[in-house]
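Take a look at the letters that make up each chain.
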Amino acid sequence: MAKRTRKRYTDEFKAEAVKLVVDEGYSISQAARNLDINTNMLTRWKNELTGNSARRKQAADDKEEIQQLREEVRRLKLEREILKKATAFFANESN
């Protein structure tokens, strides 16, 4: 009995197949039929490719928000120090 080998697809092929579904409006079954691939495989590729890009975007958004929050914390600490010094200065002046 001969051993079946799995057909391998390039990342470019996978991306183009997913693009047919995501950008071109083909249904998964239509695209899979046209490309002569299994619908489950195309569904998995779609989930992997679109899920990763969503996670990358979320990570970038999170990184930007963290940077903004750090800047705000730095500014608030500086303002607090200025207020402490001003309070101490006026307390000493009134004595």
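This text gives an overview of the structure that appears in the document. Note that this is a predicted model, so its numbers are computed, not measured.

1. A few points about the packing of aromatic side chains
For the coordinates displayed, the defined rule picks out four aromatic pairs. Geometrically, the ring pair formed by Y9 and W45 is edge-to-face, given 5.3 Å between the ring centres and 70° between the ring planes. Here the residue Y9 occupies a position in the segment before α1 (11-22), and W45 occupies one in helix α3 (residues 39-94), the gap between them amounting to 36 residues. Summarising the burial analysis for this pair, Y9 and W45 share the class buried. The exposure class of W45 is buried, given its relative accessible area of 2%. Here the aromatic cluster, defined as three or more aromatic residues joined through ring pairs, consists of Y9, F13 and W45.

2. Focus on the nonpolar core
Counting 10 residues, the largest nonpolar core consists of Y9, A17, V18, V21, A31, A32, I37, M41, L42 and W45. Contributions of two or more residues to this core are made by α1, α2 (28-35) and α3.

3. Some points on α1
The first and last C-alpha atoms of α1 sit 16 Å apart over 12 residues, in line with the 16 Å expected at 1.5 Å per residue. When α1 is considered as a whole, its buried residues turn out to be A17, V18 and V21. Along the long axis of α1, the arc covered by the buried residues comes to 95°, so they all point the same way.

4. Section: the packing of α1 against α2
The contact between α1 and α2 brings their axes to 8 Å, and the two run at 140°. The angle between α1 and α2 places the two elements in the oblique class. With respect to the hand of their crossing, α1 and α2 are arranged in right-handed fashion. Across the interface between the two elements, F13, A17, L20 and V21 from α1 touch I28, A31 and L35 from α2.

5. Re the environment of W45
Separated by 18 residues in sequence, W45 and S27 place their C-alpha atoms 14 Å apart. Contacts of W45, omitting those with residues within four sequence positions, involve Y9, F13, K14, A17, V18 and I37.

6. Some remarks on the pattern of salt bridges
Two side chains with opposite charge may pair up if their charged atoms get near one another. The full count for this structure, using the stated rule, is four salt bridges. Among the salt bridges present, the one from E71 reaches R74, with a minimum N-O distance of 2.7 Å. With E71 and R74 both in helix α3 and three residues apart, this pair spans about one turn of that helix. Overall, the relative accessible area of 46% leaves R74 in the partly exposed class. Here K84 ties to E81 by a salt bridge, and the two come within 3.8 Å at their closest N and O atoms. Of this pair, K84 and E81 both sit in helix α3, three residues apart, which is roughly one turn of that helix. E81 sits in the partly exposed class, given a relative accessible area of 34%.

Analysis parameters
- Residues numbered from 1 in each chain as written.
- Predicted model: local features only at pLDDT ≥ 70, side-chain atom pairs only at ≥ 80, totals over all residues.
- Heavy atoms only, no water.
- Phe/Tyr/Trp six-rings, centres within 6.5 Å; stacked < 30°, edge-to-face > 60°.
- Helix = DSSP H or I, 4+ residues; strand = E, 2+ residues; numbered from the N terminus.
- Buried < 20%, exposed > 50% of the residue type's maximum accessible area, 1.4 Å probe, protein only.
- Core = buried A, V, L, I, M, F, W, Y, C linked by side-chain atoms within 4.5 Å.
- Expected span 1.5 Å × (residues − 1).
- Arc of directions from axis to C-beta.
- Axes fitted to C-alpha atoms, helices over the stretch in contact; angles between N-to-C directions.
- Parallel < 35°, antiparallel > 145°, perpendicular 65-115°, else oblique.
- Left-handed = near helix turned anticlockwise from the far one by under 90°.
- Contact = heavy atoms within 4.5 Å.
- Salt bridge = Lys/Arg side-chain N within 4 Å of Asp/Glu carboxyl O.

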